[in-house]
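Observations on the three-dimensional arrangement
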Amino acid sequence: MNARITPVPPRTVRAGARDFATDAEGYLLDLGDWSEDFARALAREENLELTPRHWEVIRFLREYYQSHGVQAQVRVMIRHFTRVWGPERGSNHHLHEMFPAGGPQKQGNRLAGLLRTKGEH
């Protein structure tokens, strides 16, 4: 018997008067659609209050992607934020506490309007 896999339909995230098309997990379908309003709306849906430190991570992820053409690996984030915030706040543990729905690489990339990382399911 051949089982058919039903694709999960895309969804939208509403920010103000605009709907942003995302995949089922909230990753933008068109990276050019990203805005801070999108990040705030997605964060609300994910029950995350964005602080200035969250915005630092989001901006770092976007700048890293623009400079390198790939998403930053967690170890790159840890190295950078340990240097900027110190070893406790820049640690893997703290970054995952900040982004509890998948850590900085998953939730951070979603909020930054980037693609899911290679190898992510």
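Residues numbered from 1 in each chain as written. Predicted model: local features only at pLDDT ≥ 70, side-chain atom pairs only at ≥ 80, totals over all residues. Heavy atoms only, no water.

**Focus on the pairing of strand β2 (residues 18–22)**
Relative to β2, strand β1 (residues 11–15) runs antiparallel, the two being bridged by 5 bridges. Across the sheet, Arg11 pairs through a bridge with Thr22, a residue of β2. Counting the residues that bridge the hairpin from β1 to β2 gives 2 residues, and of these Gly16 lies at a positive phi of roughly 65°. (Pairing = 2+ DSSP bridges. Helix = DSSP H or I, 4+ residues; strand = E, 2+ residues; numbered from the N terminus.)

**A look at the nonpolar core**
For soluble globular proteins, the rule of thumb is that nonpolar side chains tend to be buried together. One finds Val57, Phe60, Leu61, Met77 and Leu111 to be the most contacted residues of the largest nonpolar core, which totals 30 residues. Residue assignment for this core shows that the elements contributing at least two residues are β1, α1 (36–45), α2 (52–68), α3 (74–85) and α4 (92–98). For this core, the element with the highest residue contribution is α2, accounting for 6 residues. (Core = buried A, V, L, I, M, F, W, Y, C linked by side-chain atoms within 4.5 Å. Buried < 20%, exposed > 50% of the residue type's maximum accessible area, 1.4 Å probe, protein only.)

**Thoughts on α1**
Looking only at α1, the buried set comprises Phe38, Ala39, Ala41, Leu42 and Ala43. Where α1 is buried, its residues meet β1, β2, α2 and α5 (103–111). Phi turns positive one or two residues past the end of α1, at Asn47, with a value near 55°. (Contact = heavy atoms within 4.5 Å.)

**A short note on the packing of α2 against α3**
It is the contact of α2 with α3, at a shortest axis distance of 12 Å, that shows an interaxial angle of 130°. Viewed along their axes, α2 and α3 adopt a mutual orientation that is oblique. Judged by the twist between their axes, the crossing of α2 over α3 is right-handed. Residues Arg53, Glu56, Val57, Phe60, Leu61 and Tyr64 of α2 form the contact with α3, whose participating residues are Val76, Met77, His80, Phe81, Val84 and Trp85. Here the residues of the contact of α2 with α3 sort into 9 nonpolar, 1 polar and 2 charged. (Axes fitted to C-alpha atoms, helices over the stretch in contact; angles between N-to-C directions. Parallel < 35°, antiparallel > 145°, perpendicular 65-115°, else oblique. Left-handed = near helix turned anticlockwise from the far one by under 90°. Nonpolar A, V, L, I, M, F, W, Y, C, P; charged D, E, K, R; others polar.)

**Structural notes on the packing of aromatic side chains**
Following the criterion strictly, the structure yields 4 aromatic pairs and no others. Look at Phe20 and Phe38: their rings are 5.3 Å apart centre to centre, the planes differ by 55°, and that puts the pair in the tilted class. Placement of Phe20 in strand β2 and of Phe38 in helix α1 is noted, with a sequence separation of 18 residues between them. By relative accessible area, Phe38 is classed as buried at 0%. On the numbers, 4.5 Å between centres and 40° between planes, the contact of Phe81 with Trp85 is tilted. (Phe/Tyr/Trp six-rings, centres within 6.5 Å; stacked < 30°, edge-to-face > 60°.)

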